[in-house]
Amino acid sequence: TNGDQLVTHSVVNKNKPAGIEKADAEVIKTTVVSASTEPKPLAWTNPQTGSSGAIVAIDNFMGKHGQQCRGFKTSVANFMGIAYYNGETCQVSGENWVLSWFKAAN
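Definitions and cut-offs
- Residues numbered from 1 in each chain as written.
- Predicted model: local features only at pLDDT ≥ 70, side-chain atom pairs only at ≥ 80, totals over all residues.
- Heavy atoms only, no water.
- Core = buried A, V, L, I, M, F, W, Y, C linked by side-chain atoms within 4.5 Å.
- Buried < 20%, exposed > 50% of the residue type's maximum accessible area, 1.4 Å probe, protein only.
- Helix = DSSP H or I, 4+ residues; strand = E, 2+ residues; numbered from the N terminus.
- Salt bridge = Lys/Arg side-chain N within 4 Å of Asp/Glu carboxyl O.
- Phe/Tyr/Trp six-rings, centres within 6.5 Å; stacked < 30°, edge-to-face > 60°.

> I tried to follow the nonpolar core on my own but got confused; where do I start?
If you look at soluble globular proteins, the nonpolar side chains tend to sit buried side by side. Among the nonpolar cores identified, the biggest contains 13 residues, and Ile28, Ile55, Phe72 and Phe102 are the most heavily contacted of them. Contributions of two or more residues to this core are made by α2 (22-34), β2 (51-62), β3 (68-78) and β5 (96-104). It is α2 that contributes the most residues to this core, three residues altogether.

Okay, structure coming up:
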């Protein structure tokens, strides 16, 4: 539907992860989506880039359009060192999830 396209379009425009490979952001998103409610912590790795990390918190909530969403906190270890990020992924249609936003933690 048009609503899904608009949400997807706006999400794609906003999602420019700084300091992290897009492929790593996708691995993190997939790990968050497939996780049970609360990881303790939940490890992720991306053999393609050599990056890894641990998702330390997931918050399930209802998005403003009534969709399922999950906020999360993760570490990212890569050739630049270790950094910490916050993000959010939401379900747009069926089993499809997109990153709403992803940014370095302060």
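> Help me understand the pattern of salt bridges, please; the structure alone is not making it clear to me.
Any two side chains of opposite charge can pair, so long as their charged atoms come close to each other. Across all of its chains, the model carries one salt bridge by this definition. A salt bridge links lysine 29 to glutamate 26; the nearest nitrogen and oxygen atoms lie 3.1 Å apart. Remark: glutamate 26 and lysine 29 occur in helix α2; sequence separation between them is three residues, near one turn of the helix. By relative accessible area, lysine 29 is classed as buried at 11%.

> When you look at the environment of proline 47 in this model, what are you seeing that I'm missing?
Within the fold, proline 47 resides in the loop between β1 (42-46) and β2. The spatial distance from the C-alpha of proline 47 to the C-alpha of aspartate 24 is 9.6 Å, given a sequence separation of 23 residues.

> Would you mind showing me how to read the packing of aromatic side chains here?
Any two aromatic rings considered together are summarised by their centre-to-centre distance and by the angle between their planes. All told, the structure shown has two aromatic pairs when counted by the stated rule. When the ring of phenylalanine 72 is compared with that of phenylalanine 102, the centres are 5.9 Å apart and the planes differ by 45°; the resulting orientation is tilted. With a gap of 30 residues between them, phenylalanine 72 in strand β3 and phenylalanine 102 in strand β5 connect regions that are remote in the sequence. On the basis of relative accessibility, which here comes to 5%, the residue phenylalanine 102 falls in the buried class. Aromatic pair tyrosine 85 and phenylalanine 102: ring centres 5.1 Å apart, planes at 20°, arrangement stacked.

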